[in-house]
Amino acid sequence: MRALFFLRHYNDIDHVTPVVYQWIGSGHQCDVVLIGSTQFRRDFRVKYLSQLQGVRLAHMNELFSWTDYCKWRLQMLILTRNVRRIKLIGRLAEKLADRFDEKKRNPLWQHTAKLLLDRCFGNAGKGVVAFDWIERNSVICVEWVEVVIAMAKERGLGTVSLPHGDSPHASQLIRRGERRAEPDATFSAATIFDKVVVPNELCAIRFRPFMTDSQLAVLGSPRYCEAWLKVLAGLMPPSPLTGSDDKLKIVMFLRKANFTTFWEEVGEVVHMLAEFPAVELIIKPHTRSGWKQSLTKDSSIKKLANVSVAGDGAHSVHLMNWADVIIDLATSVVFEAIRAKKPVLAADYLIAARSAVAYYMPETELKCRDDVYEKIDYFLANGFDSFYVEEHRQRFLKEMLDYPDANVLPRYVSLLEQLSS
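Residues numbered from 1 in each chain as written. Predicted model: local features only at pLDDT ≥ 70, side-chain atom pairs only at ≥ 80, totals over all residues. Heavy atoms only, no water.

By the naming in an unreviewed UniProt entry, the chain is CDP-Glycerol:Poly(Glycerophosphate) glycerophosphotransferase, taken from Nitrosomonas supralitoralis.

Quick look at the structure:
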């Protein structure tokens, strides 16, 4: 059986790579098409996929003529919400989109969709096309995805939306400007697919208002299932990080800039941690928008001898392996640390959200500055073994990562096979 997987950025690579791995391991073939930056060609997981027998990997600019690719990219840009947020460029994009309307854009969408589907499937009426979660504010405009999906369905191909996250939030109003607890229409775009796959119920509730139960499949986390983590451990490039054994090594993971964060207090916590002589702290900005976060530009933090800001070259897994303790502002990247029983402190009082980590494991939650101090002081004096209430941790693993059981990746392949036939 054949499949066509589209990858946009790191989140897609994190969560879809395990599915591609299992698909190939089950004796099938696929095309993997990168539709984001060409820099992702250098990602170690993308390189791994390109070496698997049965995988054909390419970037969009390698598949289209130079003219088609430039036109396709321009049409994408004028419809992308991130571009429209930039004042002058955004107004120009809106004017271009009005002048070059959907009817005029459609021939290029049709042309590029046909090229991709012909290349992967030929005249075969069997197979499956897989995107990640497509939202109304996606960096790849929904209009083009709708054309690809409609054409795939006309050919008898299955269509599926795969996860690109594991929902680190147990609450809904988490971003700047979010003030109404109601269904979020950004997730309504997913109804174009035959199936939408989510890893857990916290993710499922985003989509349920817009689709039937039969359209939604809760299959567990491909990124954080044990089977894939064992494979991933053998693929990781050497870590660039070093540290002293006599120090308590802490990593703080930050969220994207559009999530409400109380930056003044985050700065206070960083300075507090720096005042522990036996602590070494690395701050990890979000991969895609860390440059927008005020904390990483704070000159007083840059002067702290035992505090550093991780660069793009420091992979999150490297940081977790290096750390003794992790302070988290509601990121799913820490889920691997929880599986490994490494202490994660859920700093919910620094953000607008209620984190899934604190929801499932109350022992992890930091509710005030005193909690931060007392937890770190305790770790320094007593070590950090037996941090979790094991019953809580097991419930987290069961409901968030291994639902309904730990046999995650074969479930994904079974669903793709059903959609392919």
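**Examining the overall build of the chain**
As a reminder of what qualifies: Runs of H or I in DSSP of at least four residues are treated as helices and runs of E of at least two as strands, each being numbered from the N terminus. All radius of gyration figures rest on C-alpha atoms, and the globule criterion is 2.2 Å times the number of residues raised to 0.38. Relative accessibility thresholds used throughout: buried, under 20% of the residue-type maximum; exposed, over 50%; partly exposed, between the two (1.4 Å probe, protein chains only). In what follows, residue pairs with any heavy atoms lying within 4.5 Å of each other are defined as contacts. Each accessible area value is a Shrake-Rupley result obtained with a 1.4 Å probe; residue values ignore everything except the protein chains displayed when judging cover. In summary, the charge assignment counts Lys and Arg as positive and Asp and Glu as negative, without counting His or the chain termini. To locate a charge, take atom NZ for lysine, CZ for arginine, CG for aspartate or CD for glutamate.
Summing up its helical and strand segments, the chain has 18 helices and twelve strands in all. In summary, the chain has a C-alpha radius of gyration of 22 Å against a globular reference of 22 Å for 421 residues, a match within 12%. Taken along the three principal axes of its C-alpha coordinates, the chain extends 65 × 50 × 40 Å. The buried share of the chain, taken over its 421 residues, is 55%. Taking all contacts inside the chain whose residues are at least 6 apart in sequence as the whole, residues at least 24 apart take part in 74%. Just so you have it, the chain exposes about 18800 Å², and 50% of that area is on carbon and sulfur atoms. Within the chain, one finds 55 positive and 50 negative side-chain charges whose respective centroids are separated by 8 Å.

**Some details on the packing of aromatic side chains**
How two aromatic rings sit relative to each other is given by the distance of their centres and the angle of their planes. Worth spelling out the cut-off: When the centres of two rings from Phe, Tyr and Trp lie within 6.5 Å, Trp using its six-membered ring, the rings pair. Their planes under 30 degrees apart give stacked, over 60 give edge-to-face, and anything left gives tilted.
Under the definition given, this model contains 19 aromatic pairs. What links up through ring pairs into an aromatic cluster is the set Phe-6, Phe-64, Tyr-69, Trp-72, Phe-131, Trp-144 and Phe-193.

**Focus: helix H18 (residues 408–420)**
Applicable threshold: By this rule the span expected of a helix is its residue count minus one, scaled by 1.5 Å.
Relative to the 18 Å expected for 13 residues at 1.5 Å per residue, H18 spans 19 Å between its end C-alpha atoms, a close match to the ideal helical length. Those residues of H18 lying buried are Val-408, Leu-409, Arg-411, Tyr-412, Val-413, Leu-415, Leu-416, Leu-419 and Ser-420.

**Regarding the pairing of strand E9 (residues 279–284)**
Using the following cut-off: When the strands point away from the viewer and the connection leading from the first strand across the helix to the second strand turns clockwise, the crossover is called right-handed. Strand pairing is defined by DSSP finding a minimum of two bridges between the two strands.
Taking burial as the measure, the six residues of E9 include five buried ones, the bulk of the element. Each parallel crossover has a hand, and for strand E8 (residues 248–253) linked through helix H11 (residues 263–274) to E9 it is right-handed. Here E9 runs beside strand E10 (residues 307–309); their pairing, made up of three bridges, is parallel. Across the sheet, Ile-282 pairs through a bridge with Ser-308, a residue of E10.

**A few points about the sheet that holds strand E11 (residues 325–328)**
Two orientations exist for strands paired in a sheet by backbone hydrogen bonds: parallel and antiparallel. What counts here: Axis geometry follows a simple rule: fit a line to the C-alpha atoms, using only the stretch in contact for helices, then measure angles between N-to-C directions, giving values from 0 to 180 degrees.
Read from one edge to the other, the open sheet built from five strands follows the order E10-E9-E8-E11-E12, with strand pairing classed as parallel. Each having just a single partner strand, E10 and strand E12 (344–346) make up the two edges of the open sheet. Recorded for the sheet is a direction-independent mean angle of 20 degrees between the axes of neighbouring strands. As paired elements, E11 and E12 share three bridges and run parallel to each other.

**Describing the packing of helix H1 (residues 10–25) against H18**
As a reminder of what qualifies: Each angle gets one of four labels, with under 35 degrees taken as roughly parallel, over 145 as roughly antiparallel, 65 to 115 as roughly perpendicular, and the rest as oblique. Polarity classes work like this: nonpolar for Ala, Val, Leu, Ile, Met, Phe, Trp, Tyr, Cys and Pro, charged for Asp, Glu, Lys and Arg, and polar for all others, with Gly in that last group.
As a packed pair, H1 and H18 sit with axes 9 Å apart at the nearest point and diverge in direction by 70 degrees. The orientation of H1 with respect to H18, classified from their angle, is roughly perpendicular. Here Pro-18, Val-19, Tyr-21, Gln-22 and Trp-23 of H1 lie close against H18, whose contacting residues are Leu-409, Pro-410, Tyr-412, Val-413, Leu-416, Glu-417 and Ser-420. Residue classes in the contact of H1 with H18 are distributed as nine nonpolar, two polar and one charged.

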